Every structure is written in C-alpha cells, then in structure tokens.
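# Topology and contacts: notes
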Amino acid sequence: ILNKTGTATGTVAVSGSGTTRTVTLSSISGNGTLGISLAPGMAADLAGNAALAAGPSVPFTVDNTPPTVTISAPSATITANNPVTYLVSSADANLGQTDLTSADIALVSTGTATGIASVSGSGNTRTVTILGIAGNGTLGISLAGGTAIDLAGNAAASVGSSANFIVDNTAP
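Residues numbered from 1 in each chain as written. Predicted model: local features only at pLDDT ≥ 70, side-chain atom pairs only at ≥ 80, totals over all residues. Heavy atoms only, no water.

Here we take up the overall build of the protein. When its secondary structure is counted, the protein shows zero helices and 15 strands. Its C-alpha atoms give the protein a radius of gyration of 26 Å, more than 25% over the compact-globule value 16 Å for 172 residues. On the principal axes, the C-alpha backbone points of the protein span a range of 100 × 20 × 20 Å. Looking at the protein as a whole, 27% of its 172 residues are labelled buried. Considering only contacts within the protein whose residues lie at least 6 apart along the sequence, 61% involve residues at least 24 apart. Of the roughly 9600 Å² that the protein leaves accessible, carbon and sulfur atoms contribute 58%. (Helix = DSSP H or I, 4+ residues; strand = E, 2+ residues; numbered from the N terminus. Rg over C-alpha atoms; globule rule 2.2 N^0.38 Å. Buried < 20%, exposed > 50% of the residue type's maximum accessible area, 1.4 Å probe, protein only. Contact = heavy atoms within 4.5 Å. Areas by Shrake-Rupley, 256 points an atom, 1.4 Å probe, with all protein chains shown as cover.)

In structure tokens, the structure reads:
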C-alpha cells in the first residue's frame, strides 16, 4: 500500500523470491511524502497463520518544486553614475545552496546605458551592485537559471528582467 501526502505519488513494484522481497517506488512525482505499508495476509507460515499488517514505513520527502528567485526593485529610480543595487533572494522549503556570481547576471539595457554587475553577500540573499554606470537609457538585470538548488536537486529557473532604473548623463 502506498502511503502518500500532498500531491506525491509513484508506482509500486515488488520483486524477489523466498522470504525476501524488494519494494521499489518509481515514476515518483508531485510534492509531499511517500512510504509503504503491507496489508495483512501478505505472508503465511506453514501452519497457515497469516501475517498481520505491517508499517507504515518511515516516509521520505518528495520535492519536485524548484526554488524561487526574486529580484527587488532597484535602490534608485534614476542615476547619472552612482552605483545602484538590487537584492536577489532565493527561497525553498528545502533550499540547499545559492550560488550567484557576476557571470550569472546579464544587464538589460536600452539606449547607450552601460554598467558592470558585481555580487556580494552570502546565504539566500545577495546584493547585486551595478557600478561604472555610463551613457543614457535604462538598466536592469536578469539572472541565469541554476543560481539556487534545493536539497532534492531542483534548480531555479532563470529570472527575467528586473525593474529598470533610468541612466541620465545628459546635462540640462
């Protein structure tokens, strides 16, 4: 008998012979927990005494949901060349690691606006600082996928363009 919580599910297969059997759960999907129990009468001794029900087993967690990564609003809505920061946060009930580097950041720009992204901090919240801002237009950031991975191995998806800030280096 498959014991399940949430949307977790799977297929049960039994193999082996004699007094030992192997129960394999496959095609596991959803989120929650899975375990097994044995119905009464699954075995009998030579006298015909049927085995009692057994279980439940210790359940294991099924996690098929990747972490979410969010980008805050920029620290300024307009700048000439002062640095602008974004906070990038990773969240997951089973968050394993967050690994955000400047190589994971793409600047999203319009006009001639340019800058250089750097990352600081640790844990599940990092600060992305745009330095060396020049030109005119707008700047924002987007993030590559895989910057956060949960304990089940699910990787975060890429995060599209953040809110932009205006870069204005034209004198009135």
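From this point, things continue past the structure.
Right, let's get into the side chain of Asn154. Here Asn154 is to be found in the loop between β14 (148-150) and β15 (165-167). On the accessibility criterion, Asn154 (16% relative accessible area) is buried. Looking at Asn154, its side chain comes within polar contact range of the main-chain oxygen of Asp63, at 2.8 Å. Residue contacts for Asn154: discarding those within four places in its chain leaves Asp63, Asn64, Thr65, Pro66, Pro67, Ala148 and Ile149. (Polar contact = N/O pair within 3.5 Å; in protein donor to acceptor, adjacent residues only side chain to side chain.)

Looking along the chain, the bond that leaves Gly55 and enters Pro56 is cis, with omega of 5°. Looking at the secondary structure, you find Pro56 in the loop between β4 (32-36) and β5 (60-62). Positioned with a positive phi, Ser27 is a non-glycine residue whose angle comes to about 50°. For Ser27, a relative accessible area of 58% translates into the label exposed.

The next subject is the packing of aromatic side chains. Enumeration over the complete set of coordinates arrives at one aromatic pair. Between Tyr86 and Phe165, the ring centres sit 6.4 Å apart and the planes meet at 45°, which makes this aromatic pair tilted. Highlighted residues: Tyr86 in strand β8 (residues 84-91) and Phe165 in strand β15, separated in sequence by 79 residues. Each member of the pair, Tyr86 as well as Phe165, is classed as buried. (Phe/Tyr/Trp six-rings, centres within 6.5 Å; stacked < 30°, edge-to-face > 60°.)

The probe, sized like a water molecule, is rolled over the atoms to show the empty space still left. Space inside the largest pocket adds up to approximately 350 Å³. Taken together, 13 residues line the largest pocket, and the ones lying closest to its centre are Val14, Arg21, Val23, Leu38 and Met42. Split into classes, the residues belonging to the lining of the largest pocket amount to nine nonpolar, three polar and one charged. (1 Å grid on protein atoms, 1.4 Å probe; cavity = no way out; pocket = protein on both sides within 12 Å on 5 of 7 lines; lining within 4 Å. Points joined across faces, edges and corners; volume = space filled by probe spheres on them. Nonpolar A, V, L, I, M, F, W, Y, C, P; charged D, E, K, R; others polar.)

The next subject is the sheet that holds β5. Here three strands make up an open sheet; going across it, the order is β1-β4-β5 and the pairing antiparallel. Of all strands in the sheet, those with a lone pairing partner are β1 (2-6) and β5, marking the two edges. Across the sheet, the mean angle from the axis of one strand to that of its neighbour is 25°, orientation sign disregarded. In this sheet, β4 lies alongside β1 in antiparallel orientation, the contact comprising five bridges. (Pairing = 2+ DSSP bridges. Axes fitted to C-alpha atoms, helices over the stretch in contact; angles between N-to-C directions.)

Attention shifts here to the environment of Thr19. By the element assignment, Thr19 lies in the loop between β2 (9-15) and β3 (22-29). Here the alpha-carbon distance between Thr19 and Val167, two residues 148 residues apart in the chain, equals 74 Å.

What follows concerns the sheet that holds strand β12 (residues 125-134). Pairing within the open sheet is antiparallel, and its four strands lie in the order β6-β8-β12-β11. Because the sheet does not close on itself, it has two edges, and the strands there are β6 (68-71) and β11 (114-120). Within the sheet, the average angular offset between the axes of one strand and its neighbour, ignoring direction, is 25°. Two elements, β11 and β12, share six bridges in a ladder whose sense is antiparallel. Opposite Ser120, over in β12, you have Thr127 as the bridge partner.

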